[in-house]
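# Observations on chain architecture
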Amino acid sequence: MLFPDYRGRRLRANKNFRRMIQETKLSRDDLILPLFAIEGKAKKRPIESMPGHFQLSCDHIVTAAKEASDAGIPAIILFGIPDKKDPLATRAYAADSIVQKTVQAVKEKVPDICVITDVCLCGYMDHGHCGFVENGIIDNDASLDLLAKTALSHVKAGADMVAPSDMMDGRVGEIRQTLDEEGFSHIPVMSYAVKYSSAFYGPFRQAAESAPQFGDRKTYQMDPANAIEAIREATMDIEEGADIIMVKPALSYLDIIYRLKQEIDLPIAAYNVSGEYAIMKAGEIMGWVNAKELIMETLLSIKRAGADLILTYSAVDVARELNN
Ligand code: PBG
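What this report covers is the structure whose coordinates are included nearby. Per-chain numbering applies: the sequence of each chain, read as written, is numbered from 1 onward. Per-residue local features of the predicted model are confined to residues with pLDDT of at least 70, and side-chain atom pairs are confined, for both listing and counting, to 80 or more; whole-chain, interface and lining totals are unaffected and use all residues. Values reported for side chains reflect all heavy atoms of the structure, with hydrogen atoms and water molecules removed beforehand.

Glancing now at the packing of aromatic side chains. To describe a pair of aromatic rings, you give the distance between the ring centres and the angle between the ring planes. Stacked, tilted and edge-to-face are the three classes assigned to paired rings of Phe, Tyr and Trp, where Trp is represented by its six-membered ring and a pair needs centres within 6.5 Å; plane angles under 30 degrees give stacked, over 60 edge-to-face, the rest tilted. A full pass over the atoms with the stated rule returns eight aromatic pairs. Taken together, the aromatic side chains of Phe36, Phe79, Tyr192, Phe204, Tyr271, Tyr277 and Tyr313 make up a single cluster linked through ring pairs. The lysine or arginine in question, lysine 195, covers the ring of tyrosine 201, its NZ or CZ lying 5.6 Å from the ring centre. Two thresholds decide whether a charge sits over a ring: the Lys NZ or Arg CZ must be within 6 Å of the ring centre and within 35 degrees of the ring normal. In this structure, lysine 248 is placed above the aromatic ring of tyrosine 271, and the distance from its NZ or CZ to the ring centre is 5.1 Å.

So, about helix α2 (residues 58-70). Numbering goes from the N terminus for both helices and strands, where a helix is a DSSP run of H or I of at least four residues and a strand is a run of E of at least two. Residue count minus one, scaled by 1.5 Å, sets the expected span of a helix. Under the 1.5 Å per step criterion, the end-to-end length of α2 is 18 Å for 13 residues, consistent within 8% with the ideal 18 Å. Classification of residues uses two cut-offs on accessible area relative to the type maximum, computed with a 1.4 Å probe and protein chains only: under 20% is buried, over 50% is exposed, and between them is partly exposed. Taken together, the buried positions of α2 are occupied by Ile61, Val62, Ala64, Ala65 and Ala68. The buried residues of α2 occupy an angular sector of 165° when projected down its axis, which confines them to one face. We call two residues in contact when some of their heavy atoms are within 4.5 Å. Looking at the buried positions of α2, the neighbouring elements they touch are β1 (31-38), β3 (54-57), β4 (75-81), α4 (98-109) and α12 (315-323). Each direction from the helix axis to a C-beta atom contributes to the arc, which is the arc of those directions.

All right, on to the site of the ligand then. Distances are taken per atom, and a residue is near a molecule or strand as soon as one of its heavy atoms is within 4 Å of it. Contacts to the ligand come from 18 residues, most closely from Lys195, Arg205, Lys248, Ser274 and Tyr313. In the model, an oxygen atom of the ligand is placed 2.8 Å from a nitrogen or oxygen of the glutamine 221 side chain. Contact with the protein chains removes 100% of the 400 Å² of surface that the ligand exposes when unbound. The term polar contact refers here to a pair of N or O atoms within 3.5 Å; inside protein, the definition further demands a hydrogen-donor-capable atom paired with an acceptor-capable atom, and it admits residues adjacent in sequence only when both atoms are side-chain atoms. Here the Shrake-Rupley method, with its probe set to 1.4 Å, supplies the accessible areas, and only the displayed protein chains count as covering residues.

Quick look at unusual backbone geometry now. Glycine aside, negative phi is the norm for most residues, and most peptide bonds take the trans geometry. Along the chain, phenylalanine 3 connects to proline 4 via a cis peptide bond; the corresponding omega equals 10°. Relative to the elements of secondary structure, proline 4 occurs in the segment before α1 (15-20). In the segment running from lysine 248 into proline 249, the intervening peptide bond is cis, with an omega of -10°. Topologically, proline 249 is positioned in the loop between β10 (244-248) and α9 (254-263).

Turning next to a nonpolar patch on the surface. Like charges are joined within 9 Å and nonpolar side chains (Val, Leu, Ile, Met, Phe, Trp, Tyr) within 5 Å, but only among residues with over 30% relative accessible area and no salt bridge; these make up the patches. One speaks of a salt bridge when a side-chain nitrogen belonging to Lys or Arg is within 4 Å of a carboxyl oxygen belonging to Asp or Glu. Together, Leu11, Phe17, Met20 and Ile21 make up a nonpolar patch on the protein surface, roughly 390 Å² of accessible area in all. In this structure, isoleucine 21 sits in the loop between α1 and β1.

Turning to the packing of α4 against helix α5 (residues 140-157), a few remarks are in order. As a packed pair, α4 and α5 sit with axes 8 Å apart at the nearest point and diverge in direction by 25°. It follows that α4 is roughly parallel to α5 by the angle criterion. Where α4 crosses over α5, the two elements pack in a sense that is right-handed. Here Val99, Gln100, Val103 and Gln104 of α4 lie close against α5, whose contacting residues are Ser153, His154 and Ala157. Amino acid classes used here: Ala, Val, Leu, Ile, Met, Phe, Trp, Tyr, Cys and Pro are nonpolar; Asp, Glu, Lys and Arg are charged; the rest, including Gly, are polar. Of the residues assigned to the contact of α4 with α5, the class counts are three nonpolar, four polar and no charged. Every angle, taken between N-to-C directions, lies between 0 and 180 degrees, and every axis is a line fitted to C-alpha atoms, over only the stretch in contact when it is a helix. Angular relationships are summarised with four words: roughly parallel below 35 degrees, roughly antiparallel beyond 145, roughly perpendicular across 65 to 115, and oblique for the angles in between. Take the far helix as your reference; a near helix turned counterclockwise from it by less than a right angle gives a left-handed crossing, and one turned clockwise gives a right-handed crossing.

Written out as structure tokens, the structure is:
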């Protein structure tokens, strides 16, 4: 149909028409809120590069989880900042460490919210790498046992889902097998399957105090130039037992989300990462953009590309906006 028979503007003419023909709808159900847990009581330390976000002690995490739940958000993802780091990441899997205690408290006080834990070693290793380091090399296979132990300790503390973000080969299978053997075959694994080596993680590394102390993460995180490799990574994790496949970051990788949506049949999560959040917040603080509209448009684009779930630091604001 061509003009004048077809007039695209007819169905854009008023709010009701626009509502009725909207193809992609953002929902509170899509949102996962990341939170940063620190030791102590009544502590709320602002994260400079992520305005509106804080490192929170357990009591404040419980409050934030309650707030998220009240806003209609189904899940949070927890990152722990331990009191000490060492070359064996012992605080990553200790039963009395930061994530384990925080999970327990949230599950006790806010039982309705789904608690996902980020499973990685970078925040717990003194060198800040996501795996075990031997002679300056990140040793893949030696890291697997530590990662599986970490995931298991989170689940024993009450985590509803684990999310390995380290990018070691084979860790999803190792975690799945360990959970199954220990009687946790019902706990899903959301794999950071397609995680690029990205400058967009900068603010997070400040928030989680997890920047690598030598070199970079390019020997395990993916090259932003690669798309076919994303299919391979996702396929491998699915075969190892992943339940949800994550793409990270989101905005510069919408083509990857779209492509995976065509190729795989599992739910896809996209991580709208710290740098993406920081850029928008900076624009808002400068008064150069309307951040509220920008965030809604951004999340809509991630959903339109094919994401079923979105991890975003804007989750609470967005959920409240969607409630109105
Ligand atoms: C840990 C991890 C990172 C993020 C999530 N888990 C950082 C990294 O790989 O350096 C980034 C999240 C964000 O930037 O919001 N491996």
